[in-house]
Amino acid sequence: MRTPRRGLTVIELVLILLVIGAIIFFLLRARGRDDAAAGAALDSTGAGAGASPVAAPAPPGAGSALAARLALSQAVDSTARAGDTLTLRVRATTATGAGVANAIVHLAAEGGGRVLPDSVTTDDLGEAEVRWILGDSSPQSLRATVPGSSAEPLETRVRIVAGGGQ
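Worth saying up front: this structure is predicted, and the values here are computed from it rather than measured.

(A) Geometry of the nonpolar core. In this structure, Leu70, Leu88, Val105 and Leu107 are the most contacted members of the largest nonpolar core, which totals 24 residues. Contributing elements (two or more residues each) for this core: strand 3 (68–72), strand 5 (85–93), strand 6 (104–110), strand 9 (127–133), strand 10 (140–145) and strand 11 (154–161).

Structure below.
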């Protein structure tokens, strides 16, 4: 007759530890993705001739969600006519260049004109499209910010030149 076994074998203990380690690894990895996707604090970069960068890079050691960037996807001419409508794509990215989905970006036209809509949510690529309808005064600027961000806003300037608008 066999005597009952007491405790676990070495192989069983190793397998249990491997499973626990794998679970911890995947939980930490998923948490890192969630932190990167938060995209709460966005700084700015200028793009093109009319763009004016106004933010410093994120502080060293900041997490990827805090080290995100807010930029225009294409260049903006530094001059335009009163009444022109500029279609712009704003892009929110992490420090590694990945798009930040579902970031809420507030926009405001300053010095004349208006922007439609004045608040957008980025798509899966971290991009959103807005229309900037220029006014008569010069210069004009467009400011893009992300609520709750400690980073400076993105600012693009345009100078109005002679020649009627649309």
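Picking up after the structure, the text goes on.
(B) Broad picture of unusual backbone geometry. With an omega of -15°, the peptide bond between Leu116 and Pro117 qualifies as cis. A positive phi angle, close to 65°, is found at Asn102, a residue other than glycine. Along the chain, Asn102 falls in the loop between strand 5 and strand 6.

(C) Representation of the pattern of salt bridges in the model. Tallied over the entire structure, the rule returns eight salt bridges. Arg81 is the salt-bridge partner of Asp84, the closest N and O atoms lying 3.4 Å from each other. The exposure class assigned to Asp84 is buried, which follows from its relative accessible area of 12%. Owing to a relative accessible area of 37%, Arg81 belongs among the partly exposed residues under this scheme. The residue Arg89 makes a salt bridge to Asp123 at a minimum N-O spacing of 3.6 Å. With Arg89 in strand 5 and Asp123 in the loop between strand 8 (119–121) and strand 9, this residue pair connects regions lying 34 residues apart in the sequence. You can call Asp123 partly exposed: its relative accessible area is 31%. Sharing partners across several salt bridges, the network here consists of Arg89, Arg91, Asp123, Glu127 and Glu129.

(D) A look at the environment of Leu142. Structurally, the position occupied by Leu142 is in strand 10. Assessed through its relative accessible area of 4%, Leu142 is described here as buried. Separated by 32 residues in sequence, Leu142 and Glu110 place their C-alpha atoms 6.1 Å apart. Here Leu142 is in contact with Leu88, Leu107, Ala108, Ala109, Val115, Trp132, Leu154, Glu155 and Thr156, once residues within four sequence places are set aside.

(E) Region of the structure containing the confidence of the model for the protein. Summarising the model, the protein shows a mean pLDDT of 74, and 72% of its residues fall at 70 or more. Contacts of residues 38–67 to residues separated by more than four positions or lying in other chains number 80 contacts, the stretch itself having pLDDT below 50.

(F) Focus on the pairing of strand 9. With five of seven residues buried, strand 9 is to be regarded as a mostly interior element. In this sheet, strand 9 lies alongside strand 5 in antiparallel orientation, the contact comprising seven bridges. Its bridge partner being in strand 9, Val90 is matched across the sheet by Ala128.

Each value, and the rule that gives it
- Residues numbered from 1 in each chain as written.
- Predicted model: local features only at pLDDT ≥ 70, side-chain atom pairs only at ≥ 80, totals over all residues.
- Heavy atoms only, no water.
- Core = buried A, V, L, I, M, F, W, Y, C linked by side-chain atoms within 4.5 Å.
- Buried < 20%, exposed > 50% of the residue type's maximum accessible area, 1.4 Å probe, protein only.
- Helix = DSSP H or I, 4+ residues; strand = E, 2+ residues; numbered from the N terminus.
- Salt bridge = Lys/Arg side-chain N within 4 Å of Asp/Glu carboxyl O.
- Contact = heavy atoms within 4.5 Å.
- pLDDT = per-residue confidence, 0-100.
- Pairing = 2+ DSSP bridges.

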